[in-house]
Amino acid sequence: PAPGARAPGAPGAPSAPAPGAPSGQAVWRHYNIHRGLNCYPGHGADTAGAEGLEVHGARCAEWCWSDSGCQGFVYMRSQQKCWFRRNIYLAQCEVGQQGQESSQFDMYTKKL
């Protein structure tokens, strides 16, 4: 993921989820999780707006769900950062190495 985190409400940060969008823990049933995968430009995905947002995972999932251009997101657990992704091809994503920072990333894809 690219550096340059944006705080919620900052220019480029997503708006609040649409009314009726899943929220809280219920949002997770709308995603497949791919633990240890980091998808980014040149490695299995393109950017789709939000980059490096410092938010809880459920909030990232809610925002991505409400954004039609977001097909999934990468979440870095250790820093609670979120990156929206589109054109995701999991076979080309970076696989995290245990004990390395790369193991802190998970890829979430929207269920169709």
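Predicted, not measured: the structure shown is a model, and the values here were computed from it. (Residues numbered from 1 in each chain as written. Predicted model: local features only at pLDDT ≥ 70, side-chain atom pairs only at ≥ 80, totals over all residues. Heavy atoms only, no water.)

**Student:** Can you lay out the side chain of Ser102 for me, pointing to particular residues and giving the numbers?
**Tutor:** Mapped onto the secondary structure, Ser102 falls in the loop between β6 (94-95) and β7 (105-110). For Ser102, a relative accessible area of 15% translates into the label buried. At a separation of 2.8 Å, a polar atom in the side chain of Ser102 contacts the main-chain amide nitrogen of Gln97. Setting aside chain neighbours within four positions, we find Ser102 in contact with Gly36, Glu94, Gly96 and Gln97. (Helix = DSSP H or I, 4+ residues; strand = E, 2+ residues; numbered from the N terminus. Buried < 20%, exposed > 50% of the residue type's maximum accessible area, 1.4 Å probe, protein only. Polar contact = N/O pair within 3.5 Å; in protein donor to acceptor, adjacent residues only side chain to side chain. Contact = heavy atoms within 4.5 Å.)

**Student:** Now, about the state of the cysteines: what can you tell me, with residues and values included?
**Tutor:** Per the counting criterion, the structure on display carries 3 disulfides. Covalently, Cys39 is tied to Cys93 through a disulfide, its sulfur atoms 1.9 Å apart. Torsion about the S-S bond of the Cys39 and Cys93 cystine: about 105 degrees, corresponding to right-handed handedness. Here Cys39, found in the loop between β2 (37-38) and β3 (46-54), pairs with Cys93, found in the loop between β5 (81-86) and β6; they are 54 residues apart in sequence, far enough to count as distant. Since its relative accessible area comes to 0%, Cys39 is described here as buried. Its relative accessible area of 8% is what places Cys93 among the buried residues. Cys60 shares a disulfide with Cys82; S-S distance 1.7 Å. (Disulfide = S-S within 2.5 Å.)

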